[in-house]
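Spelled out, the chains give:
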Amino acid sequence: MKMVIAIVQDKDVSKLLQCVTRVGLRATRLASTGGFLRSGNTTLLFGVEEERLEGLLSTIRDTCHQRDEMLTLAQPIMGPVDAHIPFPIEVPVGGATVFVLDVEQFIKV
Amino acid sequence: MKMVIAIVQDKDVSKLLQCVTRVGLRATRLASTGGFLRSGNTTLLFGVEEERLEGLLSTIRDTCHQRDEMLTLAQPIMGPVDAHIPFPIEVPVGGATVFVLDVEQFIKV
Amino acid sequence: MKMVIAIVQDKDVSKLLQCVTRVGLRATRLASTGGFLRSGNTTLLFGVEEERLEGLLSTIRDTCHQRDEMLTLAQPIMGPVDAHIPFPIEVPVGGATVFVLDVEQFIKV
Ligand code: NI
Ligand code: NI
Ligand code: NI
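Quick look at the structure, then. If you're wondering where the values come from, they're calculated on a predicted model, not measured in any experiment.

1. A closer look at the overall build of chain A
And then number 1: Looking only at helices and strands, chain A features two helices and seven strands.
And then number 2: Counting helices and strands in the order they occur from the N terminus, chain A gives β-α-β-β-α-β-β-β-β.
And then number 3: Relative to the compact-globule value of 13 Å for 109 residues, chain A shows a C-alpha radius of gyration of 19 Å, a clear excess of over 25%.
And then number 4: Seen along its three principal axes, the alpha-carbon backbone of chain A occupies a region of about 70 × 25 × 20 Å.
And then number 5: A total of 109 residues make up chain A; the buried ones form 44% of that total.
And then number 6: The contacts in chain A between residues at least 6 apart in sequence include a share of 69% that link residues at least 24 apart.
And then number 7: Roughly 5600 Å² of accessible area belongs to chain A as shown, and the carbon and sulfur atoms make up 55% of that amount.
And then number 8: In chain A, 11 positive and 13 negative side-chain charges are present, and the distance between their average locations comes to 5 Å.

2. Quick notes on the interface of chain A and chain C
And then number 1: Between chain A and chain C, the contact holds 29 residues from the first and 19 residues from the second.
And then number 2: Buried surface at the junction of chain A and chain C, both sides included, amounts to about 1900 Å², of which 61% is carbon and sulfur.
And then number 3: Across the salt bridge formed by Lys2(A) and Glu104(C), the nearest N and O atoms sit 2.8 Å from each other.
And then number 4: Counting across the interface, chain A meets chain C through six residue pairs in polar contact (both at pLDDT 80 or more).
And then number 5: Only β1 (2–9), β2 (27–33), β3 (41–48), α2 (50–64) and β6 (96–102) of chain A provide two or more residues apiece to the side of chain A that touches chain C.
And then number 6: It is β6(A) that provides the largest number of residues to the side of chain A that touches chain C, a total of seven residues.
And then number 7: In this sheet, strand β7 (residues 105–108) of chain C lies alongside β6(A) in antiparallel orientation, the contact comprising four bridges. Residue pairing for β7(C): Phe99(A) is matched across the bridge by Phe106(C).

3. A short note on the relation of the copies chain B and chain A
And then number 1: Laying chain B over chain A is done by rotating through 120 degrees and shifting 0.1 Å along the axis; what remains is an RMSD of 0.1 Å. One copy is carried onto the other by what is essentially a three-fold rotation axis. Residues of chain B ranked by C-alpha distance from the rotation axis are headed by Ala31(B), positioned 3.4 Å from it.

4. Section: the interface of chain B and chain A
And then number 1: Contacts between the two partners involve 29 residues from chain B, matched on the other side by 19 residues from chain A.
And then number 2: Carbon and sulfur atoms make up 61% of the surface buried where chain B meets chain A, a total of about 1900 Å² over both sides.
And then number 3: The tally of links from chain B across to chain A stands at one salt bridge.
And then number 4: At the surface where chain B touches chain A, the tally comes to six residue pairs in polar contact (both at pLDDT 80 or more).
And then number 5: Sorting the residues of the side of chain B that touches chain A by element identifies β1 (2–9), β2 (27–33), β3 (41–48), α2 (50–64) and β6 (96–102) of chain B as the ones contributing at least two each.

5. Structural notes on helix α1 (residues 10–22) of chain A
And then number 1: All buried positions along α1(A) are accounted for by Asp12(A), Val13(A), Leu16(A) and Val20(A).
And then number 2: Looking one or two residues past α1(A), Gly24(A) carries a phi angle of roughly 80 degrees, positive in sign.

6. Overview of α2(A)
And then number 1: For α2(A), with 15 residues, the first-to-last C-alpha span of 21 Å sits near the 21 Å given by 1.5 Å per residue.
And then number 2: Considered for burial, the residues of α2(A) that qualify are Leu53(A), Leu56(A), Leu57(A), Thr59(A), Ile60(A), Thr63(A) and Cys64(A). Projected down its long axis, α2(A) carries its buried residues within an arc of 160 degrees, all on one side. Opposite the buried face of α2(A), by more than 90 degrees, sit the exposed residues Glu51(A) and Asp62(A).
And then number 3: Structurally, α2(A) contributes buried residues whose contacts are with β1, α1, β3, β4 (67–77) and β6 of chain A together with β7 of chain C.

7. What to know about the relation of the copies chain A and chain C
And then number 1: Least-squares fitting of chain A to chain C yields an RMSD of 0.1 Å, with the transformation described by 0.0 Å of translation along the axis and a rotation of 120 degrees.
And then number 2: Looking at chain A, a mere 14% of its interface residues are interface residues in chain C too, so the copies touch through different faces.

8. A word on a nonpolar patch on the surface
And then number 1: On the surface, a cluster of nonpolar side chains totalling about 240 Å² of accessible area is made up of Leu71(A), Leu73(A) and Phe87(A).
And then number 2: Turning to its location among the elements, Leu73(A) is positioned in strand β4.

Parameters and conventions
- Residues numbered from 1 in each chain as written.
- Chains lettered and ligands numbered in written order.
- Predicted model: local features only at pLDDT ≥ 70, side-chain atom pairs only at ≥ 80, totals over all residues.
- Heavy atoms only, no water.
- Helix = DSSP H or I, 4+ residues; strand = E, 2+ residues; numbered from the N terminus.
- Rg over C-alpha atoms; globule rule 2.2 N^0.38 Å.
- Buried < 20%, exposed > 50% of the residue type's maximum accessible area, 1.4 Å probe, protein only.
- Contact = heavy atoms within 4.5 Å.
- Areas by Shrake-Rupley, 256 points an atom, 1.4 Å probe, with all protein chains shown as cover.
- Lys, Arg positive; Asp, Glu negative; His and termini not counted.
- Charge placed at Lys NZ, Arg CZ, Asp CG, Glu CD.
- Buried area = accessible area lost by both parts, 1.4 Å probe.
- Salt bridge = Lys/Arg side-chain N within 4 Å of Asp/Glu carboxyl O.
- Polar contact = N/O pair within 3.5 Å; in protein donor to acceptor, adjacent residues only side chain to side chain.
- Pairing = 2+ DSSP bridges.
- Least-squares fit on C-alpha atoms with pLDDT ≥ 70 in both.
- Expected span 1.5 Å × (residues − 1).
- Arc of directions from axis to C-beta.
- Patch = residues over 30% accessible without salt bridge, like charges linked within 9 Å, V, L, I, M, F, W, Y side chains within 5 Å.

Geometry only, nothing functional implied.
And the structure:
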């Protein structure tokens, strides 16, 4: 049994939890702030059998990897009337920091 | 030294903490949600000497094991007056997920 | 790679995070209560390379060790007018509980 501690961005949490729930894995969600990632992250605790570890890590990579997303800002135009031009920019989102620890005993009571 | 990470139901936390405090153990309580157990759980972090590990696990089993509890609902009776019949049902409560990890160094500063 | 789990008093957190950030280390901050220390503590999660472990532990010792601080209370004087004498006392503050765990895999995605 391994414990996977994944620090992921808040915006990726629900997609990740959907994917792992679909394959029967469970996560505990700890409130966390700052640190490894830009603000707004969640620390997830998973317990997995060794043979399922790679699958979980793949799912984390797939759902949380860092990527650029288009964000459309409305840029104000200086002039006699208040107007805005839609202004698309690319911003990096996502990314996760993942630790795998060995579990000596795993008990359900 | 071992680290015990126990995810227990909120309703079992105070009884468990009373029991472990009585034998001189300490726990740190992390805010947590969802996951291994039905909603409303708490993640507890314990540091214990190897010779006290079994005692701690027994205490967790004793105070948090899954069991049925009688819950008395008030069932409304359809009729000319608003009346209720006490209606006892059995609901499963408790249960805990426990991970034991090896601690390489334990330091008090 | 090692994981360092440090439970420190709230009042020492910002100084510690400043010090570790200055040397390029990151921490994730978990909301926590009670337990190993008097109320008002924070659980910090660090991932460090083995060669930087001793430096991190020194920084935790330096910024969080238990020490006495002077606290000036205003003691009321019983008398015809409401008066107070400044009354300095020494109170113990700080202290940290630190666990070092081995990390089998560390992944950034
Ligand atoms: Ni992609
Ligand atoms: Ni029982
Ligand atoms: Ni000092």
